[in-house]
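# Chain and residue survey
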Amino acid sequence: MSSSFQLPSHIVPLDHQLAGHFPDKNKINVIEMLKDTKSGYILKAIVDSRGMREHIFYQTVRNTNSKLQQFVPQYFGLTKIGDVLFIRLADITEGLDAFSNMDVKVGAITYDPEADSEKIKKEINKYQWMSILGFRVCGLRVELTYSCSHTKQWLGDLKQTH
């Protein structure tokens, strides 16, 4: 990880991040999702308007007793490390020895409201079924703790249908 400041020794890169937003490498150094090993919090950098909207989303869900609370990690506000602001979230995998995880982008539109026409076209073409299905799997990690002889055959049977 590259940054313009020294991270405290208890702040480490998150080892199970599957996907996500990274800042423009030409404008600012890349900051990965982090884990505070003292508190157990996951730290997500706010580096642009997308990060600020994500912060507002978590804050709104927490403060309005939204039914969404059961589907998102618990939100613990913001913290600053160096000159970067981070969202603090519960690590829902804490205490698990083996777990599978999936990063799902929910919604039919994935581009930023401020995106230019080139970016919009790129996002639409990235996964054309998203506008129909309303979601996209961005990353998936499966940890098998047992033997499963049908996994390969089942995955081979997946086909795109109309």
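Our structure's up above, just so we're on the same page.
Here goes a summary of the coordinates provided. Predicted model only: the values in this text are computed from it and were never measured. (Residues numbered from 1 in each chain as written. Predicted model: local features only at pLDDT ≥ 70, side-chain atom pairs only at ≥ 80, totals over all residues. Heavy atoms only, no water.)

Our focus in this paragraph is the pairing of strand β3 (residues 42-46). Among the 5 residues of β3, 4 are classified as buried, and the element is accordingly described as predominantly covered. Examined bridge by bridge, strand β2 (residues 34-36) and β3 share 2 bridges and lie antiparallel to one another. Bridged to Leu-34 within β3 is Leu-43. Relative to strand β5 (residues 84-89), β3 runs antiparallel, the two sharing 5 bridges. Note that in β5 the partner of Ala-45 across the bridge is Phe-86. (Buried < 20%, exposed > 50% of the residue type's maximum accessible area, 1.4 Å probe, protein only. Helix = DSSP H or I, 4+ residues; strand = E, 2+ residues; numbered from the N terminus. Pairing = 2+ DSSP bridges.)

Quick look at the packing of aromatic side chains now. Within a pair of aromatic rings, the relevant descriptors are the distance that separates the centres and the angle that separates the planes. Using the criterion set out here, one finds 3 aromatic pairs in the structure. Geometrically, the ring pair formed by Phe-57 and Tyr-58 is edge-to-face, given 5.4 Å between the ring centres and 65° between the ring planes. Both rings, one in Tyr-58 and one in Tyr-75, keep their centres 6.2 Å apart while their planes meet at 0°; by these two values the pair is stacked. Taken as a pair, Tyr-58 in helix α1 (residues 49-63) and Tyr-75 in strand β4 (residues 75-81) lie far apart in primary sequence, 17 residues in all. Both residues of the pair, Tyr-58 and Tyr-75, belong to the buried class. Through successive ring pairs, a cluster of aromatic residues spans Phe-57, Tyr-58 and Tyr-75. (Phe/Tyr/Trp six-rings, centres within 6.5 Å; stacked < 30°, edge-to-face > 60°.)

Moving on: the pattern of salt bridges. A full pass over the atoms with the stated rule returns 5 salt bridges. The closest approach of N and O atoms between Lys-35 and Asp-91, which form a salt bridge, is 2.5 Å. Remark: Asp-91 occurs in the loop between β5 and β6 (101-106) and Lys-35 occurs in strand β2; sequence separation between them is 56 residues. The exposure classification of Lys-35 matches that of Asp-91, with both residues buried. One network of salt bridges, with partners in common, ties together Lys-35, Asp-91 and Glu-94. (Salt bridge = Lys/Arg side-chain N within 4 Å of Asp/Glu carboxyl O.)

The subject of this paragraph is the side chain of Lys-35. Residue class for Lys-35 comes out buried when judged on its relative accessible area of 13%. Polar side-chain contacts of Lys-35 include one of 2.5 Å to the side chain of Asp-91. Ignoring anything within four residues of it in the chain, the contact list for Lys-35 reads His-10, Ile-11, Val-12, Leu-14, Gly-40, Tyr-41, Ile-42, Asp-91 and Glu-94. (Polar contact = N/O pair within 3.5 Å; in protein donor to acceptor, adjacent residues only side chain to side chain. Contact = heavy atoms within 4.5 Å.)

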